[in-house]
Amino acid sequence: LVNVRSRVEAFARAQRRSVVDMEMDIPGGKAGHTVRPCQTAGCYAPGGRYPLPSSVIMTAVTARAAGCATVILASPNPLPITKAAAHLCDVDVFLRVGGAQAIASLAYGV
């Protein structure tokens, strides 16, 4: 898990550096975009028979690399490997809920 996390983080940081603010003149004004992280990222790791710690790493580490201050993870019946991945990825809040309830909790707050 540690090696995978390091690789994902290195790539995510490099990718973030490649996305920059941009502005250009167009007839009648200017067009462009500003890149800013959202305050909170909601991540989901499926539970069930086959745990997917990679889901935790790919979403939580990427959110941190993007600059999100708070990372929330939802996962139903997490196995120890999922909890370990969440800890390794510095997840701030772990919701033990799944399905539509988890997505609603992430979208509307808990």
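Residues numbered from 1 in each chain as written. Predicted model: local features only at pLDDT ≥ 70, side-chain atom pairs only at ≥ 80, totals over all residues. Heavy atoms only, no water.

**A few points about helix 3 (residues 80-88)**
- What helix 3 keeps buried is the set Thr82, Ala85 and Ala86. In an axial view of helix 3, the angular spread of the buried residues amounts to 100°, which keeps them on one side of the axis. Opposite the packed face of helix 3, turned more than 90 degrees from it, sit the exposed residues Pro80 and His87.
- Contacts made by the buried residues of helix 3 are with helix 2 (53-66), strand 4 (70-74) and strand 5 (93-95).
- Asp90 lies just past helix 3 and shows a positive phi near 60°. (Buried < 20%, exposed > 50% of the residue type's maximum accessible area, 1.4 Å probe, protein only. Helix = DSSP H or I, 4+ residues; strand = E, 2+ residues; numbered from the N terminus. Arc of directions from axis to C-beta. Contact = heavy atoms within 4.5 Å.)

**Topic: the sheet that holds strand 3 (residues 40-44)**
- Within the open sheet, the three strands sit side by side as 3-4-5. Their pairing is parallel. The strands lining the two open edges of the sheet, one partner per strand, are strand 3 and strand 5. Across the sheet, the mean angle separating the axes of adjacent strands is 20° when strand polarity is ignored.
- Of the strand pairs in this sheet, strand 4 and strand 5 are connected by three bridges, and their pairing is parallel. Across the sheet, Leu73 pairs through a bridge with Phe94, a residue of strand 5.
- Packing against the sheet, helix 2 makes contact with strand 3 and strand 4, and its axis sits at approximately 165° to strand 4. (Pairing = 2+ DSSP bridges. Axes fitted to C-alpha atoms, helices over the stretch in contact; angles between N-to-C directions.)

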